[in-house]
Amino acid sequence: MRRRPAVFRGPAQHFGLMLIAAALGALLPIPAEAHVKWFAPYIVGAPPAPISRTLADAWFWTAILLVLAFFVATRLVEKSIIGEGVLAAMDRLTDPLWRRLDDFVRVVVGGFFVAIFAVGGVYLTPDLKTPAEWVSWVQFVIALGIFSRRTMPVSAAGIVFLWLLALRDYDFFHLLDYLALGLGVAGYLVLAASEDFERRKYRFEVLRVGVSIALMWSSLEKFAYPDWFYPLVVEKPFLTFGMPRDVFIPMAGVAEFTMGFGLLWTPLVRRLSAVALFVIFNAAVYPFGRTDLVGHALIMAIIVAIAADHTRQLHFLPAIKRSLAGVPAGLATALVLFTTGYWGLHIAFYGIDGQAGARPMEMATHTYSPEHPHGPKAAESLAAGELHQGMAMPAAALSEQPTTGEAAAAFETTMAAMHGPMMAGMRHPDPDIAFVLGMIPHHQGAIDMARVQLRYGRDPANRAFAEHLIAEQQGEIDAMRDWLRRNGIEPPSSAGDAK
């Protein structure tokens, strides 16, 4: 569903006519595209799986124990003469980059914003769409400002400004993924431009904290919404390294969370965590195309900077970080804080059952790429026998799908049940109410068709898509029913009741 967003103002100051024009452009309400995240379709405000489900998962705890063993072993090595030798070897390997690390970070950040400018029509990342062309020019100006210490703070203000501007188009809760990283980069630019050495020495630490929080927060989606990742696993099974879906997803979530946590720890732990994350991010570039490389470029560059950071000082809780007992205590504290924050904020924004105040609009967690098809469009292509990842669906598989008999009759029944209530609902004199009353049976018809597919269909991608469609369409139905109640209309209990 497209909408006219609320208006937000507040341009970065003192940066010439371009930013003034950008600020004036913000006065015009513009229809926004759906928020895009990383893997599959989802509904904003859909209730997350209870955290008890994750806590009861043996694979979650297996992964936690494996990571704890790795961290403790790394700390034991780090405290020995061998650890100092490993760090010294890493210092020698990365010394050319370390001596020019500020230049590297500034070039990459500037290059990232030039790339975002070239992509066009996005806020700060390829996954936050906007039709406002002036936004791209603001990002080009941000890139230019990074190459002078005088204007770096203005570029930092521009980053924060664009994140705030995105609030008019996207829900605050789902923009939190990008907040920590944006503030980390903005904080680095401000500190790197400072003449005060005591302030400047924290600039890389601010970057590290930003990317760490971003990774830990986003990793929680694999526990809160594991079903978002099911189509991806079906379409790209090589990503699971042969592990079953329900083993891989929680363990992947633990890996992302704990490696993000590791970036906050002692020098060897954080540098090895950065190396591991760099390998993981690079492995994902080819399967998802060039746009993903742009979207991940900033995180990947910061991870490289962390791996090359020769700093040994610990400015925050040094005694705890140096203690072996501090590893499990710190990880447990981080898990409690982040899971409480994620589930607690979701309840605060959307209610215990989700959707309270949520916008009834379909979202997608990954930009569709014809070069590397995935998600619902890939499932549709697969069902139609079109090319998918360079291979056509086998004719035998298509011939096995029932097109007559029980399946055809069941599909026809869903259409017949949907048509009457949908047309009746759309006859309401108020066009807003008519739209919602028509869409409820329309969505219910999609759910009924998906159930027929699950009963008779054999293709795994289609079945995964049908499962997602049921969850998504039901979430939208619930949101539309809530909207009717808020507008004094008793919602139909089912498609057949729509009047």
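Structural data are supplied above this passage.
Residues numbered from 1 in each chain as written. Predicted model: local features only at pLDDT ≥ 70, side-chain atom pairs only at ≥ 80, totals over all residues. Heavy atoms only, no water.

## Observations regarding the overall build of the protein
Counting its regular elements, the protein contains 23 helices and 2 strands. Taken over 499 residues, the protein has a buried fraction of 52%. Across the protein, every contact between residues at least 6 apart in sequence was considered, and the portion connecting residues at least 24 apart equals 76%. For the protein, the accessible surface area stands at approximately 22600 Å², while carbon and sulfur atoms represent 67% of it. (Helix = DSSP H or I, 4+ residues; strand = E, 2+ residues; numbered from the N terminus. Buried < 20%, exposed > 50% of the residue type's maximum accessible area, 1.4 Å probe, protein only. Contact = heavy atoms within 4.5 Å. Areas by Shrake-Rupley, 256 points an atom, 1.4 Å probe, with all protein chains shown as cover.)

## A look at helix α18 (residues 326–350)
For an α-helix, the turn length of 3.6 residues means that residues three or four places apart are oriented alike. For α18, which comprises 25 residues, the first-to-last C-alpha distance of 35 Å matches the rise-based estimate of 36 Å (1.5 Å per residue) to within 8%. Buried within α18 we find G326, V327, G330, L331, A334, L335, F338, T339, Y342, W343, H346 and Y350. Two residues or fewer after α18 comes G351, characterised by a positive phi angle close to 85°. (Expected span 1.5 Å × (residues − 1).)

## Quick look at unusual backbone geometry
With a phi angle near 50°, L317 is a residue other than glycine that sits in the positive phi range. Within the secondary structure layout, L317 lies in the loop between α16 (290–308) and α17 (318–322).

## Comments concerning the packing of helix α22 (residues 431–456) against helix α23 (residues 460–486)
Two numbers describe how α22 lies on α23: the axes approach to 9 Å, and their chain directions differ by 155°. Relative to α23, the element α22 is oriented roughly antiparallel. Pair α22 / α23 crosses with left-handed handedness. In terms of residue class, the contact of α22 with α23 is built from 16 nonpolar, 6 polar and 6 charged. (Axes fitted to C-alpha atoms, helices over the stretch in contact; angles between N-to-C directions. Parallel < 35°, antiparallel > 145°, perpendicular 65-115°, else oblique. Left-handed = near helix turned anticlockwise from the far one by under 90°. Nonpolar A, V, L, I, M, F, W, Y, C, P; charged D, E, K, R; others polar.)

## Things to note about the pattern of salt bridges
Within this structure, the stated rule accounts for 15 salt bridges. Here R208 and E205 are joined by a salt bridge, their closest N and O atoms 3.8 Å apart. One end of the pair is R208 and the other is E205, both in helix α10 (residues 203–219) and 3 residues apart, which spans about a single turn. For the pair formed by R208 and E205, the shared burial category is buried. The network of salt bridges with shared partners includes E84, D91, R271 and R312. (Salt bridge = Lys/Arg side-chain N within 4 Å of Asp/Glu carboxyl O.)

## What about α10?
Counted at 1.5 Å a residue, the expected span for α10 with its 17 residues is 24 Å, and the 25 Å between its end C-alpha atoms agrees. Within α10, 14 of the 17 residues are buried, leaving the element largely enclosed by the surrounding structure.

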